[in-house]
Every structure is written in C-alpha cells, then in structure tokens.
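# Per-entry structural report
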Amino acid sequence: FKDGVFLVNLAPITDPALVASTIAQGLGVRETGDQPLTESLKGVLRDKHMLLVLDNFEQVAAVAPLVWELLAAASQLKVLVTSRAALHLSGEHEYPVPPLSLPDPKHLPTLEALSQYEAVALFIARAQAAKPDFEVNSANAPAVAEICYRLDGLPLAIELAAARIKLLPPQALLARLENRLKLLTGGARDLPARQQTLRATIDWSYKLLEAGEQRLFARLGVFVGGWTLEAAEEVCNAGGDLPIDVLDGLGSLVDKSLVRQGEEMEGEPRFMMLETIREYALERLEESGEGKGLQRQHAEVYLALVEAAEPELTGWQQAVWLDRLEVEHDNLRAALAWSLESNPEIGYQLAGELGAHMHFWEVRGHLSEGRHWLERLLMDSGGVSKSAWAKALKAAGSLACCQADYSVARLHSEGSLRIYRELGNQRGVADALMDLGLVADVQGDYEEAGTFYEESLAVSREIGYPWGIADSLHGLANLAWAQGHNEKAGAFYEQGLAIRREIGDRRGMGTSLNALGNLADMQGDYERASGFYEESVAIDREIGYKRGVALVLNNLGLVVMKQGDHERARVLFEEGLAIRRELGVKLGFAFSLENFGCLAAALGQGGRAARLFGAADALRETLSSSMSIGERYDYDRNVATVRTALGEDAFALAWAEGRAMTLEQAIAYALEHKG
C-alpha cells in the first residue's frame, strides 16, 4: 500500500454519528465548512492506494454503509475491519482470526520446540516480565502447555494467567483454572465441557484481587480512552472511601495485567484498560450500585478540566492545552453522552466551554462533532441555567458560521446575545456581537458587520476584555481591507496583534501576522511580508492548525515568487496544496490553483497560467465564492499580464480549457513541473 496503512481505533466510540469524524481524525483530515465530512473523506481517499484498519467496529455497526461509500469512491482503497459481527456488505470477505498456535498437551514436544508455539512463547514472555527468573522446565512444562491449551490460545487470557506466576507456580495456576471449568458429565473426565471464556478468565482474575483493588478496578471502568493518576484519584476516591491508596492500587492492577500503563504526557503516567476488560469493570460497577455516582463525578472532573482549559486556550499555553483536551477527547465524549440522559446542565456547560471561541473543536478539526453534541443538547433546554444555555448557543453559532451555515449561525448568535443581555453578562454580549458581525461580514453586508464590530469593541473596552478588543479590531481591519482602506486596516491589525502578543493568544497572533503580511505584500515590502508570514506559519504549526498553515504557506509562496525564487515558491505552493487536499478544503483549492497560475505567469507560461486561472474561476463559481479587494491584488495583475501576452483569442481558449477541467485534473495539472 504505497500511500500507507492507517489504524482507526473505534473502541471508545458508541455513537455511529461520530465514526466519520473519528476516521477523519485518524487520517489527519481536518474538517472545513466547505462540504460534509463524508465528502471530504471521499475526496482524500479517492486516489489513494491505502489500507484502512477500523478496529472494534461492532458497537457502531449501524454505520457500516459508510464503509461501502468510501470503498465505492476509492477504487484502490482496502478496508480491514475487526468486529464481533460481520458488516453484511457486498464484497465483504470474512476471516475468523485464529488463536495462537498451541501444543498438544498429551503429546508434548521437546522443551525447545515447546517454546516455539506462539501461545507458549507469549506465556513465557509475560511470566518473565512478572517474575524474571521464571523458566519452563521438564517439571512445569506439562502445566504450562495445559494452561495455554485450556485458554484456547487467546492472548489476553494468557497474559492474565501469566501475570499470576509471581504468586502461583504453573501447577497451582492450572489447578485454579481447573476450578473455573465445568467438567463434562459424560465422556473423558479429564477434558472440560467447554474451553474457558475470556469473561471467565477476567472474572477469575478479578476475584483474586483484594477487596479494595476490586472496588478501584470497577470504578476505573468509568474512564474511556485512558486516564491520569490525578483523574483516578478525583473520580475513584472523591469521597475518601476507597480502602487502598489509588497509586498503589493502580500499580497492582498494572502488575496483574488488568490495567496497562501507556505513554507519559507532560511527565505524568497515563493508564488504560483493554476494552473487553473495561466492559467487565463497568458490569461490576453497576452491580455495586455506584455507577450513577461515579459517572457524575467523572463528568464533573472533566468539566473542571475544560473550564480550566478555556482561559488557557487564548494564552501562551494554548498548544499544551489543545493537546491535553485531544488526549482526553474520549472521556469528554463519555461525559457529554452521560449528560444527555442524566444531567443536561453539565452537558451544556461542557459543550459550551469546548465551543468557546471555537479553539478546540475548530483548530483540531471536530466541527461536525461539536455541532452534533450541541444540536442534541439544544433540543431540550428545560431546567438548564440561562448562563449555560447562552454559552451553548454561542458555541453552536460559532461552529455553524465556521461551516458556512449562516442562517443557523445568526439564529443561535442572536439567541445567545438576547440571553447575555438579560443576564447582564457583558463579556458574553461582546462575544455574541462579534459572532454576528462575522456572519454579516462573510455575507458581504459590511455596514451591518461594522455596526456589530463597533458595538463589540465598545463593550469589550468598557469591561476591560482584551481578547474581545483584539477580536473586534481584527474584524474591523478585515472590513477596511475588503473595502480597499489599507492604511486603516493596517492600524487595526497592529493594535490587535499588540494585544494578542500581550495576552499570549497564539492562534490570534498567527491570524494577525498573516493579515499584516498580506498588507506588506500589497505595499511591495516583501522582506517585511516574509517576516510576518514566517512567524505566522511557525505559530500555526505549533498549535496544530493545518488550515492556517496551508493559507500562510501559499501567501509566503507568492512573496518568494515576486523575489525571483520560483523553485521555493513552487515547493511552498505544493506543501500548501497537499495540506488542503488532506483537509478537503475546496475553497482553498481555488486559492492554490490561482497561486500556481501566478507562478506560471511569472515563468512566462501564459497558456498554462490561463488554464489554471480558468479552473479556479470555475471552482469559485461552483462554490459561489468571490475574492475581496485585497485577495484580487496579485490575481488581477497576473490575469491582465497573461491576457496581453497571449492575445484575447488564445487567452479565451486556454481559459475555457481550464474551466472544463475537473478538480482532480486541475490539481494534477497544477502539480506538473513545467520548465
């Protein structure tokens, strides 16, 4: 598979609506407002010779048609699905996964040959991890072979059994396994009626735990996708009623293979359970009657995490907190899912915080997922506090605007503004006004946009809200630039950048720097423009904002091209286009095609330039997208140059040829190297 093999872990996902976004995340596809996520996935996969592995599919089987859609759109794509049930799709080939190879305990091979069987080799490796001096000898070999045989060669069952070697030699271990098996009532008495199941193995291991370990193990089942030591302490021992120390208990559960220790994050250990073991732990938790209380505590802990993250997402630690939220994404999903049924207030607060200023859900490409949670929550606002309702509406409006769903964005933002005014929450008022200004701005109603931006700026200044001041100034700068008032735009951009530098808003700084680079470029100050762009792209890379990286790379490429370095310009354009192809940003494709057209014009390739300009024009027409005055600066100049060089007839012919290209043909044409 020349384009690679990608593993997507669906174990934490129980809602079929989240499968597409989880696959997109695994492939590194960022979501945009230009098209549905499923279409973006199809576009990215269409020409890929790739293997996509979807692991633990059974709990989201209802979305199996999505697999067929992806395969139908991508002729060279292969999908390998692990599931407890078939998907029942045309063209599906079932392959039962066999157990590890086993010896026949009645006809044992030599000791050397015995260790070559996969099941025995795994048992030995795990046993030596628990007890370094363990070895298979003539005395214990029959017991080891019998243990592996009785466990059907299932890796997890073998691991759980081998972990007990520290306490029990193979013969004693085998005796305990025998006690868990039901013997046949007829036939050979030395054969079990049925081989031990995985559930029985886990049950056996669980019952060997001390009472305090059992209680901790069951409570840990509330976590999804792993947890930190601090979270385990806050959730599992909130009332101080756990009879063991959480750290000691985790260490014991790790030793006994019921919990695994994963990669460290920020110097702190992270733990996880295999999904099958977690299911068992949840059963024990429900049997204990502690399930509802633990789920609420879990949700409150992760709400506290999100509340702590919100101010940091506009400060110097932005990248760190974005990474932290990404790692805990499955726990956040679990908390949101629980809140929908049990405590909408917590759900509104969680979703509202995650959608604040769009930083997490937008920068990390979870736009549809964020809207999914918010739409489900907003269906019923009964009993929810007005402050939580207003914040959820604000978040829903912001995300809708980002996806170009402007009517919904306006509706939610107006609702948010109304409630914030009732509550006297001036910061909320400033944010809602800013969102309404953005909606009007992108729809071309500059007068209304200016009114909203000005009022947002006034409110933000009145309450001393620097983030709101910087945001409003940037909005006013965009309006000025769109209308050709470059000096005014530059002043506003500079003021906003100064504020964002002071408060450490990394994403905001990158946006301001890119805008200033555009202005410097238009003024012919290429060195200054390059400096702005270089700093902007470094920030966007740091926080993982790929859409921003693609935009700035293309802007930088234009400046480099004007300075005569055509080869570097091509490299920058190609990298920007590659990111846009990964993200499926159709409007970004138009910008890229136009930039390649400008490069062709600079190289004297008039026909090639006209075709690329024509292809971009056709795409913009499809998207109903036009360029602002600032964006037209390089484009108009290069189109005019090419038109003059070719003559009207030749230009019109080449332009028409470009418009007739499919998007895939246009991209391939752009990437052709013409000397």
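Note that the structure is predicted; figures quoted are calculated from it, not measured.

Thresholds, definitions, all that
- Residues numbered from 1 in each chain as written.
- Predicted model: local features only at pLDDT ≥ 70, side-chain atom pairs only at ≥ 80, totals over all residues.
- Heavy atoms only, no water.
- Buried < 20%, exposed > 50% of the residue type's maximum accessible area, 1.4 Å probe, protein only.
- Helix = DSSP H or I, 4+ residues; strand = E, 2+ residues; numbered from the N terminus.
- Pairing = 2+ DSSP bridges.
- Right-handed = clockwise from strand over helix to strand, strands pointing away.
- Expected span 1.5 Å × (residues − 1).
- Contact = heavy atoms within 4.5 Å.
- Salt bridge = Lys/Arg side-chain N within 4 Å of Asp/Glu carboxyl O.
- pLDDT = per-residue confidence, 0-100.
- Phe/Tyr/Trp six-rings, centres within 6.5 Å; stacked < 30°, edge-to-face > 60°.

Looking now at the pairing of strand 2 (residues 51-55). Of all five residues in strand 2, four are buried, a share of seventy percent or more. Inspection of the sheet shows strand 1 (residues 5-9) paired to strand 2 by five bridges, in the parallel sense. The partner of leucine 7 across the bridge, within strand 2, is valine 53. Crossover handedness for the path strand 2 to helix 3 (residues 64-73) to strand 3 (residues 78-81): right-handed.

The two faces of a sheet get side chains in turn, since along a regular strand they alternate between them. Taken together, the four bridges between strand 2 and strand 3 define a ladder with parallel strand orientation. Note that in strand 3 the partner of valine 53 across the bridge is leucine 80.

Moving on, we get to helix 24 (residues 466-482). With 17 residues, helix 24 should cover 24 Å at 1.5 Å per step; its first-to-last C-alpha distance of 24 Å lies within 8% of that length. One or two steps after helix 24, the chain reaches glycine 484, where phi turns positive at roughly 85°.

The next subject is the sheet that holds strand 5 (residues 260-261). Strand pairs in the sheet, formed through backbone hydrogen bonds, run parallel or antiparallel to each other. Strand order across the open sheet formed by three strands is 4-6-5, with antiparallel pairing between neighbours. In this open sheet, the two strands that pair with only one neighbour each are strand 4 (227-228) and strand 5.

For the rest of this paragraph, the subject is helix 25 (residues 486-503). Its 18 residues give helix 25 an end-to-end C-alpha distance of 26 Å, which sits within 8% of 26 Å, the value for a rise of 1.5 Å per residue. Restricting attention to buried positions, one finds in helix 25 the residues Ala489, Gly490, Phe492, Tyr493, Gly496, Leu497, Ile499 and Arg500. Residues of helix 25 that are buried sit in contact with helix 24 and helix 26 (506-522). Downstream of helix 25 by one or two residues, glycine 504 has phi in the positive range, about 80°.

What follows covers the pattern of salt bridges. Pairs may arise between side chains of opposite charge once their charged atoms sit close together. With the rule as written, the count across this model stands at 42 salt bridges. The salt bridge partner of glutamate 664 is arginine 46, with a shortest N-O separation of 3.6 Å. One end of the pair, glutamate 664, is in helix 34 (residues 663-671); the other, arginine 46, is in the loop between helix 2 (37-45) and strand 2, with 618 residues separating them in the sequence. On the basis of relative accessible area, arginine 46 is assigned to the partly exposed category, the value being 31%. Residues aspartate 435 and lysine 394 are paired through a salt bridge, measuring 2.7 Å at the closest nitrogen-oxygen approach. With a gap of 41 residues between them, aspartate 435 in helix 22 (residues 426-442) and lysine 394 in helix 20 (residues 386-402) connect regions that are remote in the sequence.

Looking at the protein, pLDDT values average 87 and 94% of them are 70 or higher. Of the regions scoring below 50 in pLDDT, residues 179-196 engages in 29 contacts with residues more than four places distant in sequence or in other chains.

Once that is clear, we can look at the packing of aromatic side chains. This model, assessed by the stated rule, comprises 10 aromatic pairs. Here the aromatic rings of tyrosine 206 and phenylalanine 217 are separated by 5.7 Å at their centres, their planes lie at 45°, and the arrangement is tilted. With tyrosine 206 in helix 9 (residues 198-207) and phenylalanine 217 in helix 10 (residues 211-220), this residue pair connects regions lying 11 residues apart in the sequence. For the pair shown, tyrosine 206 and phenylalanine 217 are each scored as buried. Plain terms: the ring middles of phenylalanine 217 and tyrosine 280 are 6.3 Å apart, the flat faces sit at 45° to each other, and that makes the pair tilted. Taken as a pair, phenylalanine 217 in helix 10 and tyrosine 280 in helix 13 (residues 275-288) lie far apart in primary sequence, 63 residues in all. An aromatic cluster is built from Phe223, Trp227, Phe271 and Tyr302, whose rings are joined through pairwise contacts.

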